[in-house]
Amino acid sequence: MSKLKDIAEFECNIRTPRDNFMHCLINSAHQFLVNRDGENYILAGYPWFKCRARDMFISLPGLTLTNDEIDKYESVMKTAAKGIREFIEGKHLSVRIYEMEHPDVLLWAVWCIQQYGKYVSRPKCYELYGGLVTEIMEYLLGGKHPNMQIHDNGLIYCNGRDKAITWMNSTANGRPIIPRSGYIVEFNALWYNALRHCENACTTLGVTDKAEMFKAMSEKCAQSFRDVFLNEHGYLLDYVDGQMMDWSVRPNQIFAVALDHSPLEPAQKKSVLDMCTKELLTPKGLRSLSPKSGGYNPMYTGPQTQRDYAYHQGTAWPWLAGFYFEACLRVYKNSRLSFIERQLVGYEEELFYHCIGTLPELFDGNPPFHGRGAVSFAMNVAEILRVVKILEKYKTQMEDTL
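Here the structure is a predicted model, which is why all the values come from computation and not from measurement.

*Asks:* Before we go on, may I ask you to explain the pattern of salt bridges in this structure?
*Replies:* When the charged atoms of two side chains with opposite charge come close together, those side chains can pair. A full pass over the atoms with the stated rule returns 26 salt bridges. Between Asp-241 and Arg-161 there is a salt bridge, with the nearest N and O atoms lying 2.7 Å from each other. Residue Asp-241 is found in strand S9 (residues 239-241), and its partner Arg-161 is found in the loop between strand S5 (156-157) and strand S6 (171-172); the two are separated by 80 residues along the sequence. Looking at Asp-241, the relative accessible area reads 16%, which means it is buried. Among the charged side chains, a salt-bridge network with shared partners connects Lys-118, Asp-260, Glu-326, Arg-330, Glu-383 and Arg-386.

*Asks:* Explain the state of the cysteines here, please?
*Replies:* Such a bond, covalent and formed between the sulfur atoms of two cysteines, is termed a disulfide. Enumeration according to the criterion identifies zero disulfides in this entry. Of all cysteine sulfurs, the one in Cys-355 lies closest to Cys-24, which takes part in no disulfide; the gap is 11 Å. Here Cys-24 falls in the buried class, since its relative accessible area comes to 9%. Looking at the unpaired Cys-51, the closest cysteine sulfur is the one in Cys-112, lying at 11 Å. The buried category is assigned to Cys-51, whose relative accessible area is 3%.

*Asks:* Just to check I follow, could you spell out the pairing of strand S1 (residues 33-36) for this structure?
*Replies:* Residues in a regular strand point their side chains to alternate faces of the sheet. Here S1 pairs with strand S2 (residues 39-42) via four bridges, running antiparallel. Looking at S2, one finds that Leu-33 is bridged to Ile-42.

*Asks:* Would you explain the environment of His-312 in this entry?
*Replies:* Here His-312 shows up in the loop between helix H11 (304-310) and strand S13 (316-317). Excluding residues that lie within four positions of it along the chain, His-312 makes contacts with Trp-167, Met-168, Asn-169, Ser-170, Ile-178, Arg-250, Ser-288, Leu-289 and Trp-317.

*Asks:* Teacher, can you tell me more about the nonpolar core here?
*Replies:* Within soluble globular proteins, side chains that are nonpolar generally end up buried alongside one another. Grouped together as the largest cluster of nonpolar side chains are 131 residues, with contacts concentrated most on Phe-57, Met-77, Phe-323 and Tyr-324. A per-element tally of this core places helix H14 (residues 378-401) first, with eleven residues. Contact partners of Phe-57, with chain neighbours within four places excluded, come to Met-77, Ala-80, Ile-84, Val-105, Trp-108, Ala-109, Trp-111 and Cys-112.

*Asks:* Could you clarify how one ought to interpret helix H3 (residues 53-64) in this entry?
*Replies:* The first and last C-alpha atoms of H3 sit 16 Å apart over twelve residues, in line with the 16 Å expected at 1.5 Å per residue. In terms of burial, H3 is largely enclosed, as twelve of its twelve residues are buried. Within H3, the full set of buried residues consists of Ala-53, Arg-54, Asp-55, Met-56, Phe-57, Ile-58, Ser-59, Leu-60, Pro-61, Gly-62, Leu-63 and Thr-64.

*Asks:* Would you take a moment to explain the side chain of Glu-279 for this structure?
*Replies:* Of note, Glu-279 is situated in helix H10 (residues 266-279). Owing to a relative accessible area of 7%, Glu-279 belongs among the buried residues under this scheme. Not counting chain neighbours up to four residues away, the residues in contact with Glu-279 comprise Val-249, Arg-287, Ser-290, Pro-291 and Lys-292.

Cut-offs used in this document
- Residues numbered from 1 in each chain as written.
- Predicted model: local features only at pLDDT ≥ 70, side-chain atom pairs only at ≥ 80, totals over all residues.
- Heavy atoms only, no water.
- Salt bridge = Lys/Arg side-chain N within 4 Å of Asp/Glu carboxyl O.
- Helix = DSSP H or I, 4+ residues; strand = E, 2+ residues; numbered from the N terminus.
- Buried < 20%, exposed > 50% of the residue type's maximum accessible area, 1.4 Å probe, protein only.
- Disulfide = S-S within 2.5 Å.
- Pairing = 2+ DSSP bridges.
- Contact = heavy atoms within 4.5 Å.
- Core = buried A, V, L, I, M, F, W, Y, C linked by side-chain atoms within 4.5 Å.
- Expected span 1.5 Å × (residues − 1).

Right, dumping it as C-alpha cells:
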C-alpha cells in the first residue's frame, strides 16, 4: 500500500494539476508535444490531426516558451529545421511534417524564431537560428520557392486559384472553396515582418550592407502594401489578383497590426483593428468572415459538404483572437488590459465541454457560439497561453511605473 501511494504521489507531482484556467491550458499544451522515432513534433489537434507545418510554427511559442519550457521549443525546432532544410534543398522530407510547401510556412518559421529571441534572448536566437533564417531568406529572395514570386513592387505573389495554399484551406471537388490568390494580405504582412526582422538582426551583428538591403526592401514593401491592400473604408482587402479584389471583411488583416513589425501607419492600424472589433469579434474568437460580407455561413453543422462550405465563412477561431488581443495592446496599450481579461472568460468556460480542460478547433460565429470540430486544437491553446503571458508582461510594466 505504501508503494502504491508513493507511485501515485510521484505521478501527481510530475503532472500539471488541472485546478485552474492556466494549469488546464498548460496541461493541454503538453499533450500536443509528441516524439516519433527520436524526432519531436507538435500535433495540430486531437483526435485526427497530424503535424502540419503552419500549425506547428504558429503553436510552438505559445505551447513552450510561455511556460518557460525552452528545451521543448529547441527540441521541436531541431526537427523542424531538418524539415525546412530538406524542403529548401528539394529533398524528400525524412521527418513527419506535412504541408511544408505552402508559401507562408517559411515566413511563419521566421516569426516563430523571432518569438524565441523575445522570450529567451536575441544573442542566443542569432546563435541557434541565425543560420536557418539566413537560409530561408536566401531561398525566398533567390526566387526558388515553387509558388512565391517577389514582384518589383516588393510584395510577394502566390497562386492559390487551383489549390488551397492558406490556412483557409477547405476544398470541394478538389478545388479551394475560398480561392485566395495573388497578393494575399497575411502573406505580405509576414513578408514585411521577416524583412524587418532580418534588417534588425543584420544591424545588430554589424552586417551593414545586408541591413541596408533589407531596409530598402522593407520600405518598398510597406509602401506597396498600403497602396494595394488599404481601401477607402479603412480596412484591408483580403487578397488582390490583377483586377480581382476581395473586399470581404476577414480576420487575415489583423496580422498587419499584430506582428512585431507592421507596414501600416499608427492611424491605419487603429482603423483596421476597429473594423475587426466591429465586424469579427465574438466571445470565442474572430469570425472568419463578417456577417455583412457575402456568403456568411456561421453554423458549422450538417453533412460534411455543408460543414466544408461553412468552415471559413463566418466560424470563429480562438487562435485568431490571440493575435487580435496582441494587436489591441500594440494600439491601445494598457487601456485594453481589463477588456482582454473579460474576453478570456469566454474561453475559460469552454474547458468544461468537448474535451475537458482544453479548447476545440472552432466555434459557430453566431450565438450561442457552440464549439465544433476537433475537440482539442493546438493553435487555440497556444495563442490563449501566449496572450496570458503578454498580459502578465504589460501588468508588470504598469506596476513598475507606479
